[in-house]
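# A structural walkthrough
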Amino acid sequence: MLHQYLVHQPAATIHIPTYPIPSNFLRTVTTLSLTSQKRRGKKITMVTAYDFPSAMHVQRANIDMILVGDSAAMVELGYDTTQPITLDQMIHHCQAVYRGVQASMNRSHDENPKKPLLVGDMPFGTYEYNEVDIALRNAYRMVKEGGVDAVKLEGGSDRRAEAIKHLVDGGVAVMGHIGLTPQAISVIGGFRAQGRTAARARELVDQALRLQDAGAFAIVLECVPANVARAVTDTLEIPTIGIGAGNGTSGQVLVYHDMLGMMSHPHHEEFMPKFCKSFAQVGHAITKGLDDFKKEVEGGTFPGDDEYSPYIMNEHERTLFDTMLERDAVERERKKQQAEQKLKQADEYEQLSLYGGKD
């Protein structure tokens, strides 16, 4: 009956409501849209960010994914490896990055600002246990407290695949990471390339397939030969994100500080990984800015009386203030001299090395 009604009624009487799709919805990067990008041959971009301002800069550049990497342990906290950073510290960084993305989008002049997919590294010691519920519990904290859209786990073993499957079944999107896995530096013997023999390369292909079957939506390939990375990419349906893995991957990721030359200096260069290209020399500008500030402050030219001193009193209040100062000028001068005497005595003690200092 319904079929007959639809066939015999004029088309004008059949109303199918349509709803406008918000423009910003079309600009939200998701795990599914990344797979679509790979199929269409459009390269994927990912950059690390660890705090509010770096997240704002990355979002403004319309980067597809932001990785809150455990590399924060090295580039932000000064450790030699990624191992020391804790889950609470990672959540702290994720929260800052999440707020940076939101603030940047709210202030954007772009009519369709892109919301990047936010991925957080699960730090060393939070997901490797036989009891996979521990990994799920910690992943929930990264999502619920840190605000990330997905988490990243290192390694391609059967046990790692089991953990990834458990997280995905629990509703958490997971990115895999094989090749050089910095969290396992104690086992692999340092930051060195992986997959340089035929057997090891084939093992990487098998690991990638294992992670894909477990439900990973993408895989990072770090420090592997370009032909190996291309073979892995061609084998998988999900995207691969390369770092030191050639141009055959679905996309690329670099560390924010490295690619922008944050640690660069006009007179010496900090260590830079062989695979990293510096797209800017921000460190040079920072050094110059700090040097100029020091010179202008010491020379008395900053802030000056007008341009950078915008807060003034009207004449009436200024006169009242001067009158108040005159009333207790003698007492204030006396207290000033007392304070000056105490500081002078303290300075003499310091010069006499009474506190164990050198003469």
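One can find the structure itself at the top, above this paragraph.
Right, let's walk through the structure included here.

About the cut-offs
- Residues numbered from 1 in each chain as written.
- Predicted model: local features only at pLDDT ≥ 70, side-chain atom pairs only at ≥ 80, totals over all residues.
- Heavy atoms only, no water.
- Axes fitted to C-alpha atoms, helices over the stretch in contact; angles between N-to-C directions.
- Helix = DSSP H or I, 4+ residues; strand = E, 2+ residues; numbered from the N terminus.
- Parallel < 35°, antiparallel > 145°, perpendicular 65-115°, else oblique.
- Left-handed = near helix turned anticlockwise from the far one by under 90°.
- Contact = heavy atoms within 4.5 Å.
- Pairing = 2+ DSSP bridges.
- Salt bridge = Lys/Arg side-chain N within 4 Å of Asp/Glu carboxyl O.
- Buried < 20%, exposed > 50% of the residue type's maximum accessible area, 1.4 Å probe, protein only.
- 1 Å grid on protein atoms, 1.4 Å probe; cavity = no way out; pocket = protein on both sides within 12 Å on 5 of 7 lines; lining within 4 Å.
- Points joined across faces, edges and corners; volume = space filled by probe spheres on them.
- Nonpolar A, V, L, I, M, F, W, Y, C, P; charged D, E, K, R; others polar.

### Some points on the packing of helix H8 (residues 158-169) against helix H10 (residues 198-214)
For any two helices packed against each other, one specifies the crossing angle of their axes together with the interaxial distance. At a minimum axis separation of 8 Å, H8 and H10 run at an interaxial angle of 20 degrees. Put simply, H8 runs roughly parallel to H10. With respect to the hand of their crossing, H8 and H10 are arranged in right-handed fashion. Here Asp158, Ala161, Ile164, Lys165 and Val168 of H8 come into contact with H10, specifically with Arg210, Leu211 and Ala214.

### Structural notes on the sheet that holds strand S3 (residues 117-121)
Paired through their backbone hydrogen bonds, the strands of a sheet run either parallel or antiparallel. One closed barrel holds the 8 strands; their spatial order is S1-S2-S3-S4-S5-S6-S7-S8, and the pairing between them is parallel. With direction set aside, neighbouring strand axes in the sheet form an average angle of 25 degrees. As paired elements, strand S6 (residues 218-222) and strand S7 (residues 240-243) share 4 bridges and run parallel to each other. If you follow Leu221 over to S7, its bridge partner there is Gly242.

### Observations regarding the pattern of salt bridges
In this structure the tally under the stated criterion is 13 salt bridges. Across the pair Arg332 and Asp328 runs a salt bridge, and its minimum N-O distance is 3.0 Å. Taking the relative accessible area as the measure of exposure, Asp328 reaches 33% and is therefore partly exposed.

### Some thoughts on the layout of surface pockets
Approximately 1000 Å³ is the volume found for the largest pocket. The wall of the largest pocket is formed by 42 residues, among which Met74, Val255, Asp258, Pro273 and Phe275 lie closest to the centre. Looking at the lining of the largest pocket, the elements with two or more residues in it are strand S1 (44-48), helix H5 (72-75), S6, strand S8 (251-254) and helix H12 (256-259). Class assignment for the residues of the lining of the largest pocket results in 22 nonpolar, 10 polar and 10 charged. Approximately 470 Å³ is the volume found for the second largest pocket. Lining the second largest pocket are 24 residues, with Gly155, Gly179, Thr181, Ala184 and Ile188 sitting closest to its centre. Those elements that provide at least two residues to the lining of the second largest pocket are strand S5 (173-179), helix H9 (185-188) and H10. Among the elements that make up the lining of the second largest pocket, the one with the highest residue count is H10 (4 residues).

### Observations regarding the packing of H10 against helix H11 (residues 226-235)
Two elements in contact, H10 and H11, have axes separated by 10 Å at closest approach and are oriented at 30 degrees. Taken together, the axes of H10 and H11 are roughly parallel relative to one another. Between H10 and H11 lies a crossing of right-handed hand. Contacts from Ala201, Leu204, Val205, Ala208 and Leu209 of H10 reach H11 at Val228, Val232 and Thr235.

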